[in-house]
Amino acid sequence: MKKHNVILIIFTLILALSFLTGCGKGGDSKKSTVSSDIPTSDNNANPSPSKETITIKGIADLVPHSELIEFVAPKLEEQGIIVKLVATAADNTTNEKLAKGEIDFNFFQHEPYLKEWNEVNGYNLVNAGDIHVEPITAYSDKYSSKEDIPDNAVVAIPNDGTNEYRALRILEENGFIKLNPETATSLSASVSDIAEYLRPIEIVELDSAQIIPTKDDYDFFITNTNKALEAKITSAKLFSEGNDSPYANIIAVREEDLNNPAIVALVKALQSEDVRKYITDTYNGAVIPAKLDN
């Protein structure tokens, strides 16, 4: 046998013995798949159990509601609360889904609407907290301030009960009309409730969806700020509701969940100074923080 063949055989035997020795050791030779986030120690102490979490489900409109939820979600998650939005568009079934327990909260409406819905449908959903106001606002493409509006100006306002009342109220607050005293607490009004015109104007009542598309026909117009945001209009803002409006958007819940710690934490987060600053900085007056009771 040639010398180089002997060397090759010896080398092969050495490799085989090394392999067998390695396999004879206890344990798996594969790398561990345990997360590196789990602490280890020399005394083999058991790691701390994972923090328990609770998930609450809700429905919120897209702007600004779901954006505000998204803003507070990380802080709530730190507290072990996961907020899951099952939809970002409320519809006429949203309150029913809440009442029947399909969701834990909703965020799209103001309290006067909720109370009316309860009366009609026989439920008792409640307000867990005021969050923001989408102030109904007077806009114009022809004038830059209310002082510029001439006599006999034509203004378009929404014709549904709630928003017509809101439009007439800001016309009253800004010196154009005076409403009957009976309307002060009714939260519902129409032009027939105008007791006096303090400035000569013509009021046109329209379906709210038609106001922005026909805005060029009027000297100024009054509409909801969410519609203005969606339409991305650049019209001048003349005047609007304040943060003390009774039409603050709320977190609505079932009565038995009013003191649910996860709901309480959600409301507290949405009413925090961080969120109030975010609203002020982000929405340029189209959305404003609700006035909170001290």
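Reading guide: rules and limits
- Residues numbered from 1 in each chain as written.
- Predicted model: local features only at pLDDT ≥ 70, side-chain atom pairs only at ≥ 80, totals over all residues.
- Heavy atoms only, no water.
- Helix = DSSP H or I, 4+ residues; strand = E, 2+ residues; numbered from the N terminus.
- Buried < 20%, exposed > 50% of the residue type's maximum accessible area, 1.4 Å probe, protein only.
- Contact = heavy atoms within 4.5 Å.
- Areas by Shrake-Rupley, 256 points an atom, 1.4 Å probe, with all protein chains shown as cover.
- Salt bridge = Lys/Arg side-chain N within 4 Å of Asp/Glu carboxyl O.
- Axes fitted to C-alpha atoms, helices over the stretch in contact; angles between N-to-C directions.
- Parallel < 35°, antiparallel > 145°, perpendicular 65-115°, else oblique.
- Left-handed = near helix turned anticlockwise from the far one by under 90°.
- Nonpolar A, V, L, I, M, F, W, Y, C, P; charged D, E, K, R; others polar.
- Pairing = 2+ DSSP bridges.

Q: Even after reading the chapter, I still don't get the overall build of the protein, so can you show me in this structure?
A: Within the protein one finds nine helices and 13 strands. Expressed as a percentage of the 294 residues in the protein, the buried residues total 39%. Excluding contacts between residues fewer than 6 apart, the proportion of contacts in the protein whose partners are at least 24 apart in sequence is 75%. Split by element, the accessible area of the protein, about 17300 Å² in all, is 50% carbon and sulfur.

Q: What is the right way to read the pattern of salt bridges from this model?
A: Oppositely charged side chains may form a pair once their charged atoms are brought near each other. In total, this model carries eleven salt bridges according to the counting rule given. Two residues, Arg 254 and Glu 256, come together in a salt bridge whose shortest N-O distance is 3.7 Å. Via salt bridges that share partners, Asp 104, Arg 254, Glu 256 and Asp 257 belong to a single interconnected network.

Q: Got a minute to help me understand the packing of helix α2 (residues 62-78) against helix α9 (residues 273-283) in this structure?
A: In a pair of packed helices, the angle between the axes and the distance between the axes together describe the arrangement. One can describe the packing of α2 onto α9 by two numbers: an axis separation of 11 Å at closest approach and a directional angle of 140°. With respect to α9, the element α2 is oriented oblique. Seen from above, α2 lies across α9 with right-handed handedness. For the pair formed by α2 and α9, the contact residues are Val 63, Pro 64, Glu 67, Leu 68, Phe 71, Val 72 and Lys 75 on the first element and Asp 274, Val 275, Tyr 278, Ile 279 and Tyr 283 on the second. Split into classes, the residues belonging to the contact of α2 with α9 amount to nine nonpolar, no polar and three charged.

Q: Would you take a moment to explain the pairing of strand β6 (residues 153-158) for this structure?
A: With six of six residues buried, β6 lies mostly within the body of the structure. Side chains Ala 153, Val 155 and Ile 157 of β6 all project onto a buried face; the interleaved residues Val 154, Ala 156 and Pro 158 project onto the opposite face, where all are buried too. Direction of pairing for β6 relative to strand β9 (residues 201-206): parallel, over a ladder of six bridges. Within β9, the position partnered with Val 154 by the bridge is Glu 202. Looking at chain direction, β6 and strand β10 (residues 220-223) are connected through two bridges and run parallel. Opposite Val 155, over in β10, you have Phe 220 as the bridge partner.

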